[in-house]
Amino acid sequence: MDIVIGTSESGSTFYTQAEAIAAVAREQGAFGRVDIFATPTASVGNAERLETGELAFGFLAANWIGRAARGEAPFGRALDIRMAAPANSGPMFFIARAGSGIATVDDLRGRRVSIGPVGSGMAQHVATMFGVLGIGFETFEPVHLNFLDGANALAAGEIDAQFQCPIPNRVMTGLAERADIRVLDYGPGQIAALLDRVGFYRPAQVKAGALRGHHRDSPQIGVLNVIATHARISDDAVGRLARLMATRHARLAALNPLFDGLGSLFDPLRGAGEAGLAIDGVPLHPGAAAAYRAVGLIA
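All values derive from a computational prediction rather than experimental measurement.

Scoring rules and cut-offs
Residues numbered from 1 in each chain as written. Predicted model: local features only at pLDDT ≥ 70, side-chain atom pairs only at ≥ 80, totals over all residues. Heavy atoms only, no water. Helix = DSSP H or I, 4+ residues; strand = E, 2+ residues; numbered from the N terminus. Rg over C-alpha atoms; globule rule 2.2 N^0.38 Å. Contact = heavy atoms within 4.5 Å. Areas by Shrake-Rupley, 256 points an atom, 1.4 Å probe, with all protein chains shown as cover. Axes fitted to C-alpha atoms, helices over the stretch in contact; angles between N-to-C directions. Parallel < 35°, antiparallel > 145°, perpendicular 65-115°, else oblique. Phe/Tyr/Trp six-rings, centres within 6.5 Å; stacked < 30°, edge-to-face > 60°. Buried < 20%, exposed > 50% of the residue type's maximum accessible area, 1.4 Å probe, protein only. Lys NZ or Arg CZ within 6 Å of the ring centre and 35° of its normal. Core = buried A, V, L, I, M, F, W, Y, C linked by side-chain atoms within 4.5 Å. Pairing = 2+ DSSP bridges. Right-handed = clockwise from strand over helix to strand, strands pointing away. Salt bridge = Lys/Arg side-chain N within 4 Å of Asp/Glu carboxyl O. Left-handed = near helix turned anticlockwise from the far one by under 90°. Nonpolar A, V, L, I, M, F, W, Y, C, P; charged D, E, K, R; others polar.

S.K.: Outline the overall build of the protein, supporting the account with residue identities and numerical values.
M.R.: Helix and strand counts for the protein stand at eleven helices and ten strands. For 299 residues, the compact-globule estimate of 2.2 N^0.38 gives 19 Å, and the protein sits close to it at 19 Å. The principal-axis extent of the C-alpha atoms belonging to the protein is close to 55 × 35 × 35 Å. Across the protein, contacts joining residues at least 24 apart in sequence account for 74% of those joining residues at least 6 apart. As displayed, the protein has an accessible area near 11,600 Å², and 50% of this comes from carbon and sulfur atoms.

Shown next, in the form of structure tokens:
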């Protein structure tokens, strides 16, 4: 049985997690072939490709899965999407060059800020966050670059700041090694406002030592990332992927630190059953539910 997993650009958070999943799948003989598709618009594109049948599984930030199922913008129709497994939860944050004089998110006004490709999940996050914080898009210059191009532009001084996905990721690690960067702080009450107004955000931190030159714990916001599938995908295929994620999380974490804490993301199943992983109203695929019952996560 061969599968295709939709991710985001090569070297990104989603892409490297899929590489680890593919490696463990080969070790376990779970699938015949695991292909990794680098979707330019990440979450949104993965949801759409699940609907067209180009993918068996796709990484999505949790804020997109409910919108996809309901057909809310930017989706033009309701997609028959299902939950397969949690993937990770980590901080999203802005960075700038250390000597730029940019220290806080409010300092981004009047600056050139890379927020991700047009239509990407990262660009939508910035729109959501800045809507809450009252930072109009007319007050800064949004630059639509992918992570690698944005990092190169920041290092070269062609932009002033960049929005980054959860770490560790190769692009961020490489940038921190070749340029002096700083993680931007939020002002008083701003994180609390984001957590209060946006249900899919969670408190997170960029911990001291996470990046070269970063010497303090920095409170940020985080978002749960998930692996979604489609109602048409067989119970067998989804069950194999779900079982792998639930039982091989230590091995996945050894291959990719983004999976640290993956085991705890299954804990809601123990108390709430299938509803524990029904993210934003999107139910578990029956194959995933059966697999979680089989390994004792659902009574």
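Now that the structure has been shown, we can carry on.
S.K.: Go over the packing of helix H1 (residues 13-28) against helix H8 (residues 235-247) with me, naming the residues and quoting the values.
M.R.: Axis separation between H1 and H8 bottoms out at 11 Å; the angle between their running directions is 100°. The angle between H1 and H8 places the two elements in the roughly perpendicular class. Mapping the contact onto sequence places Ile 21, Val 24 and Ala 25 in H1 and Leu 241, Leu 244 and Met 245 in H8.

S.K.: Tell me about the packing of aromatic side chains, residues and numbers included.
M.R.: Evaluation of the coordinates by the stated rule reveals eight aromatic pairs. With a centroid separation of 5.7 Å and an interplanar angle of 20°, the aromatic rings of Phe 94 and Phe 130 are classed as stacked. Pair noted here: Phe 94 is in strand S4 (residues 81-97) and Phe 130 is in helix H4 (residues 121-133), with a separation of 36 residues, a long-range link. There is no split in this pair, since Phe 94 and Phe 130 are both buried. Joined through ring pairs, the aromatic side chains of Phe 94, Phe 130, Phe 137, Phe 140 and Phe 163 make up one cluster. Its guanidinium or amino end placed over the ring of Trp 64, Arg 67 lies 4.7 Å from that ring's centre, counting from NZ or CZ.

S.K.: Tell me about the nonpolar core, residues and numbers included.
M.R.: Core analysis: the largest hydrophobic core is formed by 108 residues, its most contacted members being Ile 21, Phe 94, Met 245 and Tyr 292. Counting residues per element, this core draws most heavily on S4, which supplies ten residues. Not counting chain neighbours up to four residues away, the residues in contact with Met 245 comprise Ile 21, Ala 85, Pro 86, Ile 227, Leu 252, Phe 259, Leu 262 and Phe 266.

S.K.: Which residues make up the pairing of strand S1 (residues 3-6), and what are the values?
M.R.: Where S1 and strand S2 (residues 34-37) come together, four bridges link them in parallel fashion. In the sheet register, Val 4 faces S2, and the bridge partner there is Asp 35. For the crossover that starts at S1, traverses H1 and ends in the parallel S2, the hand is right-handed.

S.K.: Describe unusual backbone geometry, naming the residues involved and giving the relevant values.
M.R.: Cis geometry is found at the peptide bond from Ala 73 to Pro 74, where omega equals 10°. Mapped onto the fold, Pro 74 is located in the loop between helix H3 (62-70) and S4. For Ala 42, which is not glycine, the phi dihedral falls at a positive 50°. Residue placement: Ala 42 occurs in helix H2 (residues 42-52). Here Ala 42 falls in the buried class, since its relative accessible area comes to 13%.

S.K.: Could you give me a rundown of the environment of Leu 184, with the residues and numbers involved?
M.R.: Looking at the secondary structure, you find Leu 184 in the loop between strand S8 (181-183) and helix H7 (190-197). Residues Leu 184 and Ala 161, 23 residues apart in the sequence, show an inter-C-alpha distance of 9.3 Å. If we ignore the near neighbours within four places in the chain, the residues touching Leu 184 are Phe 94, Ile 95, Ala 96, Ile 102, Ala 103, Thr 104, Val 105, Leu 108, Ser 218 and Gln 220.

S.K.: Summarise the pattern of salt bridges; cite the residues concerned and give the values.
M.R.: For the structure on display, the rule yields 14 salt bridges. The shortest N-O distance in the salt bridge between Arg 49 and Glu 54 comes to 3.7 Å. Asp 280 is paired through a salt bridge with Arg 70; the nearest N and O atoms lie 3.1 Å apart. Of this pair, Asp 280 sits in the loop between helix H10 (267-272) and helix H11 (286-294) while Arg 70 sits in helix H3, placing them 210 residues apart in sequence. Under the relative-accessibility criterion, Asp 280 is labelled partly exposed at 40%.

S.K.: Mind laying out the packing of H4 against H7, listing which residues take part and the relevant values?
M.R.: Each pair of packed helices can be summarised by the angle the axes make with each other and by the distance between the axes. Between H4 and H7, whose axes approach to 10 Å, the crossing angle comes to 115°. Judged by the inter-axis angle, H4 sits roughly perpendicular to H7. The interaxial crossing formed by H4 with H7 has right-handed handedness. Every residue of H7 that contacts H4 at Met 129, Val 132 and Leu 133 is listed here: Gln 190, Ala 193, Leu 194 and Arg 197. Of the residues assigned to the contact of H4 with H7, the class counts are five nonpolar, one polar and one charged.

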